[in-house]
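In case you want the letters, here they are:
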Amino acid sequence: KRHLISAADLTRDDAVLILDTAEEMARVADRPIKKLPTLRGRTVVNLFFEDSTRTRISFEAAAKRLSADVINFSAKGSSVSKGESLKDTALTLEAMGADAVVIRHHDSGAPHRLATSGWIGGSVVNAGDGTHEHPTQALLDAFTMRRRLVGVDAGLGHDLAGRRITIVGDILHSRVARSNVHLLHTLGAEVTLVAPPTLVPIGVERWPCEVSYDLDAVLAKSDAVMMLRVQRERMNAAFFPTEREYARRYGLNGDRMARMPEHAIVMHPGPMNRGMEITAEVADSPRCTAVEQVANGVSIRMAVLYLLLGGNEPAVTAGNGTST
Ligand code: CP
């Protein structure tokens, strides 16, 4: 494949290849020299039309660990604020010789447009588009679940089949939820979405998952509980329950976490609204993988860039990481 636009496009084999390659990349971080020369001479452009902390920084770290040249482009402070179009921005990047463009955009479908327009010749990676998809987030979430729940390091197997994953919160506006539902289904997990009725998307009955409105009813049978941020910036105030009411019905606190199975983990893609969907007690507990997810994001993004741009070269060889 040349682009990564949607988790829904990934076959099980594609997803397992990315997850296994990310395991190899994670091992590089334990070496004395953490850098690989695999993408030397290639250029990765981070094209961010929307704010980001984790995704932007980890794509930059991933590209640099693979020795690619990195150009960071933020719409704020660029000629986009003077009205320049996506097309003219893309043509400018093409003139600079971008081999891959990592794009975050407020419009659902912008990465697909970039990949199919012919404006650029390189690979396009979706780093989150509107309320549509965030495929590398779902991949890093699956990577985290595999490590924590399946014991990939202990040689217990790689499969998420039959694992029960509960995703809680603002499903309506969540590209993370949509990508996770598709990818987890592809990997054989059973997904339940929990949300207030006003924050469930129309057509969710066609998604490959269950829907519940009762968090307490599903906690005891969850292997992982993924809490989502309420995206107030994307919603009409009329849809929004009060913070106290939301936290009471859909927030994860210490009492609720205690009702989860002992092995179960709490996940959050970030950024978190502490006190809203998750209490500080839960966010800071060892059962919460939010920080681990960020670290795993670098390995996943290294794997994605490597597979799109350097797939004919061996990713990692034995030794100290100085050659491929
Ligand atoms: N999880 C995530 O996409 O975070 P950022 O918005 O900080 O990139």
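Predicted model, so just to flag it, every value in this text is computed and none were measured.

Conventions and cut-offs
Residues numbered from 1 in each chain as written. Predicted model: local features only at pLDDT ≥ 70, side-chain atom pairs only at ≥ 80, totals over all residues. Domains from an automatic or database assignment. Contact = placed C-beta atoms within 7 Å. Nonpolar A, V, L, I, M, F, W, Y, C, P; charged D, E, K, R; others polar. Near = placed C-beta within 6 Å. Pairing = 2+ DSSP bridges. Helix = DSSP H or I, 4+ residues; strand = E, 2+ residues; numbered from the N terminus. Axes fitted to C-alpha atoms, helices over the stretch in contact; angles between N-to-C directions.

Often, the extent of an interface is quoted as the loss of accessible area upon association of its parts. Considered domain by domain, the chain is made up of domain 1 (7-134 + 293-309) and domain 2 (135-289). Centre-to-centre, using C-alpha coordinates, domain 1 lies 25 Å away from domain 2. Taken residue by residue, the interface counts 28 residues in domain 1 and 29 residues in domain 2. Each residue belonging to the side of domain 1 that touches domain 2 can be placed in one class, and the counts come to 11 nonpolar, 11 polar and 6 charged.

Turning our attention to the site of the ligand. Taken together, Ser52, Thr53, Arg54, Thr55, Gly128, Gln137, Pro269, Gly270 and Pro271 are the residues near the ligand. Residue composition of the shell around the ligand, by class: 2 nonpolar, 6 polar and 1 charged. In this structure, the shell around the ligand is formed jointly by two domains, domain 1 (7-134 + 293-309) and domain 2 (135-289), each of which donates at least three residues.

Looking now at the sheet that holds strand S6 (residues 190-194). Spatially, the 5 strands line up as an open sheet ordered S7-S6-S5-S8-S9, and their pairing is parallel. Edge strands, defined here as strands with exactly one partner in the open sheet, are strand S7 (210-212) and strand S9 (265-267). Averaged over all adjacent pairs, the angle separating strand axes in this sheet is 25°, with direction ignored.

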